[in-house]
Amino acid sequence: MPTQNIISRPNTGFEPLLVRHPANPILTSKDWPYLINSVFNAAATLLPDGTTLLLCRCEDRRGLSHLCAARSANGVDGWQIDSEPTLMPSPKDYPEEIWGIEDPRITFVPELQQYVVTYTSYSRGGPGVSLALTKDFRTFERYGVIMPPDDKDSALLPRRINGYWALIHRPATNLGAHMWISYSPDLRHWGSHRLMLEARRGAWWDANKIGLSPPPIETSRGWLVLYHGVRHTPSGCLYRLGLALFDLENPEKCLLRGDSWIFGPEAEYELHGDVDDVVFPCGYTMDADGDTLNIYYGAADCAIALARASVRSLLGWLDANGCCERRQRAQDL
Ligand code: BMA
């Protein structure tokens, strides 16, 4: 009898860098204390007492999304879910949220002693990036739209770079959807926009459309970035994950980028849902060993799942398989 944890595609022979948790999917709409259609694409952070907090995207039966916090002592089960939405769209004061708020990312910023949440606000003009600050995930200070449509897949770096806050985001144009980085003195006014990582072209798994997945992971070697690539196929889009490394003090400089994807839809709960063939992480937590990552990802726009990875192994894989971005561009674009 197949169960939901059995991999339904044949073993590909590739060494897995991200290992699925046997309890997957760890959260679904059935766990929710109020009626929702689906829960997916959660941001993640550790609270001061070690509790894992997920800020989950919940979609209601109108198709509109809001955010709801779930807390767990071990990050796997025993979730305490807020009994009502934690952050609702507020179109009266923030008209850009008229069609909901989606896909949050959380960055704890030591200088501010606050969590900065960036999320997609779905306006009549398309999806844009909004920002809010919180100390406790109970009250939020909204800054409104910081990147106008069409823009999403955004996260703040946890510290200033050369005196400025740095935001990674994904504006989309007719020429493609690439990752950009922008800088700000105050989190409200943004400039010095620079292209950070380009979608490839042609038949590549990450052709035409890429975007940041969880916030970048700071390592001694650089910012480790998991990004998603979207492949358009005759039967729909395929969302997979790739890996790149960026310079610590000059984060628009790509040091290494892998050619292959490192994680893609394989398990039943990733292959079938409201949107088939989607793995979409928006958050991670780091274990006390400073190496083990808990990566929380939306599966098929229907559930939240967990995969574990080692920073050392991810960097080792990039050393073995990555190449310098400039050489890459010359070859393939
Ligand atoms: C992207 C985002 C995600 C979603 C994915 C697959 O464009 O909107 O929220 O999970 O599509 O539907």
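Going by the structure above, here's the rest.
Residues numbered from 1 in each chain as written. Predicted model: local features only at pLDDT ≥ 70, side-chain atom pairs only at ≥ 80, totals over all residues. Heavy atoms only, no water.

> In this structure, what is going on with the environment of Leu-35? I would like to understand it.
Following the sequence through the fold, Leu-35 ends up in the loop between β2 (27-28) and β3 (38-46). In the structure, Leu-35 is positioned 25 residues away from Asp-60 in sequence and 7.5 Å away in space, judged by C-alpha atoms. (Helix = DSSP H or I, 4+ residues; strand = E, 2+ residues; numbered from the N terminus.)

> What is the right way to look at the packing of aromatic side chains in this model?
Scanning the model with the defined rule gives eight aromatic pairs in all. Ring centres of Tyr-115 and Phe-137 lie 4.8 Å apart, and the angle between their planes is 50 degrees; on these two criteria the pair is classed as tilted. Of this pair, Tyr-115 sits in strand β8 (residues 114-123) while Phe-137 sits in the loop between β9 (126-134) and β10 (140-147); the two residues are 22 residues apart in sequence, bridging distant segments of the chain. The residues Tyr-115 and Phe-137 share a single accessibility class, namely buried. (Phe/Tyr/Trp six-rings, centres within 6.5 Å; stacked < 30°, edge-to-face > 60°. Buried < 20%, exposed > 50% of the residue type's maximum accessible area, 1.4 Å probe, protein only.)

> I would appreciate a short explanation of the environment of Thr-86 in the present structure.
By secondary structure assignment, the location of Thr-86 is in the loop between β6 (80-81) and β7 (101-109). Residue class for Thr-86 comes out buried when judged on its relative accessible area of 14%. Residues Thr-86 and Glu-96, ten residues apart in the sequence, show an inter-C-alpha distance of 18 Å. Residues contacting Thr-86, with those up to four places away along its chain left out, are Leu-67, Cys-68, Ala-69, Phe-137 and Phe-140. (Contact = heavy atoms within 4.5 Å.)

> Quick question: what am I supposed to make of the state of the cysteines here?
Put plainly, two cysteines are in a disulfide when a covalent bond ties their sulfur atoms together. For the coordinates displayed, the defined rule picks out zero disulfides. Considering cysteine sulfurs only, Cys-58 is the nearest to Cys-56, which forms no disulfide, with 5.8 Å between them. The cysteine Cys-237 is free of any disulfide, with Cys-282 supplying the nearest cysteine sulfur at 16 Å. (Disulfide = S-S within 2.5 Å.)

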